[in-house]
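Each chain, letter by letter, is given below.
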Amino acid sequence: TFRRKPKTGAAHLRAYLQPWPEPGTPGDWIEYTRDRVGTRYVDRSTISRQERFAGAWIREDLNAAGLAESRRLAAARPAGREQVLIMERTYLRVLIDCTQKLLKHQEMRIWMGGKEAFVSRYAGEEPLNWERIRIYADNNAELARRLCEAPPTR
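Predicted model, so just to flag it, every value in this text is computed and none were measured.

Chemist: Got a sec to walk through the packing of aromatic side chains? Specific residues and values, please.
Modeler: Going through the model one piece at a time under the given rule, you end up with 3 aromatic pairs. Between Trp29 and Tyr91 the ring centres are 5.6 Å apart and the planes differ by 70°, which places this aromatic pair in the edge-to-face class. Of the two residues, Trp29 is situated in strand β1 (residues 29-34) and Tyr91 in strand β5 (residues 89-97); the sequence distance between them amounts to 62 residues. Neither residue differs from the other here; Trp29 and Tyr91 are each classed as buried. Looking at Tyr91, the relative accessible area reads 12%, which means it is buried. Among the aromatic side chains, those forming a connected cluster through ring pairs are Trp29, Tyr91 and Trp111. Over the ring of Trp29 we find Arg59; its NZ or CZ atom is 5.0 Å from the centre of that ring.

Pasting the structure below:
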C-alpha cells in the first residue's frame, strides 16, 4: 500500500500553503527519539493544529558517536577535489496529515561547521506529493503519534 502515491487534495493544499513560524528558542525543544547516531527534538512552541493536520519544526542533532562515524566515513572516501561536508544539525518544518498518516516537508535548514549552511523551502516541489509514514522503524511515526494524539507536555 505505501508504495502507491497517496491521495491528496484541496485540504492538503490549503494546509501546505498556510504560513508557519520560525523555530523557537532552545527551551521550547523537547526530545522525541534518540538512537546511537543522534537525537530528534520537536519545537513545542511551533506546533500548529488545523482540522486533521499538525505541523511543527523538528531538529536532529548528531551526537558525538554520529559525528565520529560521519568523520570516519568521510576520511575513508577516495581523495578528490570535492570537500566532504557533515550535517551536524538539521531543522525541518513538517506537516502531518493525522488521518491518512502522511507527511510533507515544508522547509529544511542544515547546519555544518557550527553555522547555518543551507536552506530550502522545497521550491518547485509538487505541494500535493506527500509521503506515507511507515509505522515500523520510522522516527516520523513517533512524531506523528506525539503531534496528532496529544500536545507534548515535557
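Chemist: Give me the lowdown on the nonpolar core, citing residues and values where you can.
Modeler: A general feature of soluble globular proteins is that nonpolar side chains tend to end up buried together. Ranked by size, the top nonpolar core spans 21 residues in total, and within it Val42, Ile58, Ile96, Leu143 and Leu147 carry the most contacts. Elements that contribute at least two residues to this core include exactly β1, β4 (53-62), β5, β6 (102-112) and α3 (139-149). If we ignore the near neighbours within four places in the chain, the residues touching Leu147 are Val42, Ile47, Arg49, Ala54, Ala56 and Ile96. By size, the runner-up hydrophobic cluster in this structure holds 6 residues, among which are Ala15, Phe53, Leu95 and Trp130.

Chemist: Go over the pairing of strand β7 (residues 115-120), please, and point to the residues and values.
Modeler: In terms of strand pairing, β6 meets β7 through 5 bridges, oriented antiparallel. Looking across to β7, one finds that Ile110 is bridged to Phe118. Here β6 folds back onto β7, and the loop between the two strands holds 2 residues, one of which, Gly113, carries a positive phi near 60°.

Chemist: Could you give an account of unusual backbone geometry, naming the residues involved and the relevant values?
Modeler: Residue Glu51 is not a glycine yet carries a positive backbone phi of 55°. Its place among the elements puts Glu51 in the loop between β3 (48-50) and β4. Judged by relative accessible area, which is 76%, Glu51 ranks as exposed. The phi torsion at Tyr122 lies on the positive side, around 55°, for a residue other than glycine. Here Tyr122 shows up in the loop between β7 and β8 (131-132).

Chemist: I'd like a rundown of the environment of Met112, residues and numbers included.
Modeler: Mapped onto the secondary structure, Met112 falls in strand β6. Residue Met112 is classed as buried on the basis of its relative accessible area of 16%. Along the chain, Met112 and Trp57 lie 55 residues apart, while their C-alpha atoms are 19 Å from each other. Here Met112 is in contact with Leu85, Ile86, Met87, Glu88 and Ala117, once residues within four sequence places are set aside.

Chemist: An account of the pattern of salt bridges is requested, with residue identities and associated values reported.
Modeler: Following the criterion strictly, the structure yields 14 salt bridges and no others. With a shortest N-O distance of 2.7 Å, Glu60 and Arg40 are connected by a salt bridge. Taken together, the residues Glu60 in strand β4 and Arg40 in strand β2 (residues 38-43) connect sequence positions 20 residues apart. Arg121 is the partner of Glu107 in a salt bridge, and the nearest nitrogen-oxygen pair spans 3.6 Å. Of the two residues, Glu107 is situated in strand β6 and Arg121 in the loop between β7 and β8; the sequence distance between them amounts to 14 residues. Within the structure, one salt-bridge network assembled from shared partners comprises Glu22, Glu107, Arg109 and Arg121.

What counts, and at which threshold
Residues numbered from 1 in each chain as written. Predicted model: local features only at pLDDT ≥ 70, side-chain atom pairs only at ≥ 80, totals over all residues. Heavy atoms only, no water. Phe/Tyr/Trp six-rings, centres within 6.5 Å; stacked < 30°, edge-to-face > 60°. Helix = DSSP H or I, 4+ residues; strand = E, 2+ residues; numbered from the N terminus. Buried < 20%, exposed > 50% of the residue type's maximum accessible area, 1.4 Å probe, protein only. Lys NZ or Arg CZ within 6 Å of the ring centre and 35° of its normal. Core = buried A, V, L, I, M, F, W, Y, C linked by side-chain atoms within 4.5 Å. Contact = heavy atoms within 4.5 Å. Pairing = 2+ DSSP bridges. Salt bridge = Lys/Arg side-chain N within 4 Å of Asp/Glu carboxyl O.

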